[in-house]
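Next come the chains, spelled out residue by residue.
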Amino acid sequence: MTTAPSIPAMARLSAALPFWLSLILIPLAMIAALYGGWALLLLPLATWYLFTVLDYFTGLNEENEDPQTPEAQLYWYKLITLIWTPIQLITIFGAMIYVVNTDHLNWLEEWALFAGFGIISGTVGINYSHELMHQKSKLERWLADILLASVLYSHFRSEHLLVHHRYVATPKDPVTARYNEHFWRFFPRVLIECYVSAFNAEKAMLARKKKPWTDLSNPFFRYWVLQAGFIVLAAVIGGWWGVFLFLAQAFWAVFQLELVNYVEHYGLTRKHLGDGKYEHVLPRHSWNAAHKASNWLLINLQRHSDHHYKPDRRFPLLQTYDDNDAPQLPYGYPLMTMAALSPRLWRKIMNPRVLAWREKYYPEIEDWLPYKQGTNPLPR
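Read on for a plain summary of the structure. Here the structure is a predicted model, which means the values were calculated and not measured.

Packing of helix α4 (residues 75-100) against helix α5 (residues 107-133) brings their axes to within 10 Å, and their N-to-C directions diverge by 165°. When the interaxial angle is binned, α4 and α5 end up roughly antiparallel. The handedness of the crossing between α4 and α5 comes out as left-handed. Between α4 and α5, the contacting residues are Ile-80, Thr-81, Leu-82, Trp-84, Gln-88, Thr-91, Ile-92, Ala-95, Met-96 and Val-99 on the first element and Glu-110, Leu-113, Phe-114, Phe-117, Ile-120, Ser-121, Val-124, Gly-125, Tyr-128, Glu-131 and Leu-132 on the second.

And the structure:
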């Protein structure tokens, strides 16, 4: 009698289930919509505070899966990113239908509810779109586009793939927060610069093909159509108030995204080799965090050092590094993003770490002012 072959550990649903914790946010959103009042605090409490507490008790996960694990063993990990798009859209627009046809929430509660939805679509939705946009599958890329359009930030895909990954930690990357640049200066700057850099990157690609930016192959046309479609849908459901609620959700999603972007590369720079040449991207050019629970929620986004080093790796195979190879955040993203809201607290936590990073990896650099001010030559 032959025995059935055992299922590899990575291929089991039980191994992937911790990364499905984002689904607990959906019933919390429903409770918030049904009850209002103090229930509206459930979403920020769960994403920012609960996972910070869980990080304290679960500790660090410093184990790495085999990066050569076959794609077939990653089914249960991929599935959560595939099903999230319809789940998020049904949650947001289903709640919109509910609140505009009932009167148990006042206008302030409705705003707070959709601001809370922005925490979901920013913490989870944009993060999942980030995973999806890096894949070769047309389905996954379309799902990424739909998620980004639902927060009116479609250009993030172009900016992230064509600008951020290419120019991270150089003066040409708007998303790399400079040393001593506080978040409240960073946020309005990137809102403008990222859109412009994304559009120019796509325009330059078309120019290399001898096509104008108005060519319909420019993905910005797809971005604009998808975004307009969601605004029209919100208007059909709730008129101008529906549009306002949708915009509130989108704003807080983008706010959450850019908070994370601020944390990921703060103060880190690639060495300028002269004549606009920079060293290759290494794990040392992103902050790493091995905190277990918040990596469950964020599908290993905090293993950001490896993501920039090997951007084509799916999230369950991303590697973590010790402080010999990558700088380490003292806490996970939920707590670090809250700290980033206070410039004084942020500088107290992070500036000594940036200075230690400089001394450790680049003791030969004596003048850091061009790096701090972003005045080194733009990369070629």
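Here we come to the packing of aromatic side chains. Where two aromatic rings form a pair, the distance of their centres and the angle of their planes describe that pair. Across all of its chains, the model carries 41 aromatic pairs by this definition. Ring geometry for Phe-19 versus Phe-315: centroids 5.2 Å apart, planes at 65°, classification edge-to-face. You can see Phe-19 sitting in the loop between α1 (13-16) and α2 (25-35) and its partner Phe-315 sitting in the loop between α11 (304-309) and α12 (333-340), a full 296 residues away along the chain. Residue classification places Phe-19 among the buried positions, given a relative accessible area of 10%. Residue Phe-315 is classed as buried on the basis of its relative accessible area of 2%. Plain terms: the ring middles of Phe-199 and Phe-220 are 5.2 Å apart, the flat faces sit at 75° to each other, and that makes the pair edge-to-face.

Tracing the chain through its elements places Glu-202 in helix α8 (residues 183-208). No salt bridge is formed by the buried Glu-202; its nearest oppositely charged neighbour, Arg-157, is found at 6.0 Å. Residue contacts for Glu-202: discarding those within four places in its chain leaves Ser-158, Leu-162, Asn-218, Pro-219, Phe-220 and Tyr-223.

Time to look at the nonpolar core. Among the nonpolar cores identified, the biggest contains 93 residues, and Leu-113, Phe-114, Phe-117, Tyr-262, Tyr-266 and Trp-346 are the most heavily contacted of them. The biggest single contributor to this core is helix α9 (residues 219-265), with 15 residues. Those residues in contact with Tyr-262 that lie beyond four places of it in its chain are Ala-177, Glu-181, His-182, Phe-183, Phe-186, Ala-340 and Trp-346.

Moving on to the pattern of salt bridges. One pass over the full model with this rule turns up 9 salt bridges. Here Arg-313 and Asp-306 are joined by a salt bridge, their closest N and O atoms 2.7 Å apart. Asp-306 gets classed as buried once you look at its relative accessible area, which sits at 0%. Here the salt bridges do not stand alone but share partners, grouping Glu-71, Lys-78, Glu-140 and Arg-314 into one network.

This paragraph deals with a negative patch on the surface. Residues Glu-62, Asp-322, Asp-323 and Asp-325 make up a contiguous surface patch of negative charge. The residue Asp-325 is located in the loop between α11 and α12 in this model. Since its relative accessible area comes to 42%, Asp-325 is described here as partly exposed.

On the surface, a cluster of positive charge is made up of Arg-166, Lys-172, Arg-208, Lys-209 and Lys-211. As for its placement among the helices and strands, Lys-209 is situated in the loop between α8 and α9.

Now for the packing of α4 against helix α6 (residues 138-149). Here α4 crosses α6 at 25°, and the two axes come no closer than 9 Å. Classified by the angle their axes make, α4 and α6 are roughly parallel. Remark: the crossing between α4 and α6 carries left-handed chirality. Note on element contacts: α6 touches α4 through Glu-140, Leu-143, Ile-146 and Leu-147, opposite Leu-82, Trp-84, Thr-85, Gln-88 and Leu-89. Across the contact of α4 with α6, the residue classes break down as 6 nonpolar, 2 polar and 1 charged.

Once that is clear, we can look at a nonpolar patch on the surface. Among the surface-exposed residues, Trp-38, Leu-41, Leu-45 and Tyr-49 lie close enough to one another that they form a single nonpolar patch of about 490 Å² accessible area. Along the chain, Tyr-49 falls in helix α3 (residues 42-58). Judged by relative accessible area, Tyr-49 falls into the partly exposed class, the value being 45%.

Here we take up α12. In terms of burial, α12 is largely enclosed, as 7 of its 8 residues are buried. Listed as buried for α12 are Tyr-333, Pro-334, Met-336, Thr-337, Met-338, Ala-339 and Ala-340. Where the residues of α12 are buried, they touch α3, α8, α9, α10 (292-297), α11 and α13 (343-361).

Criteria and thresholds
Residues numbered from 1 in each chain as written. Predicted model: local features only at pLDDT ≥ 70, side-chain atom pairs only at ≥ 80, totals over all residues. Heavy atoms only, no water. Axes fitted to C-alpha atoms, helices over the stretch in contact; angles between N-to-C directions. Helix = DSSP H or I, 4+ residues; strand = E, 2+ residues; numbered from the N terminus. Parallel < 35°, antiparallel > 145°, perpendicular 65-115°, else oblique. Left-handed = near helix turned anticlockwise from the far one by under 90°. Contact = heavy atoms within 4.5 Å. Phe/Tyr/Trp six-rings, centres within 6.5 Å; stacked < 30°, edge-to-face > 60°. Buried < 20%, exposed > 50% of the residue type's maximum accessible area, 1.4 Å probe, protein only. Lys, Arg positive; Asp, Glu negative; His and termini not counted. Salt bridge = Lys/Arg side-chain N within 4 Å of Asp/Glu carboxyl O. Core = buried A, V, L, I, M, F, W, Y, C linked by side-chain atoms within 4.5 Å. Patch = residues over 30% accessible without salt bridge, like charges linked within 9 Å, V, L, I, M, F, W, Y side chains within 5 Å. Areas by Shrake-Rupley, 256 points an atom, 1.4 Å probe, with all protein chains shown as cover. Charge placed at Lys NZ, Arg CZ, Asp CG, Glu CD. Nonpolar A, V, L, I, M, F, W, Y, C, P; charged D, E, K, R; others polar.

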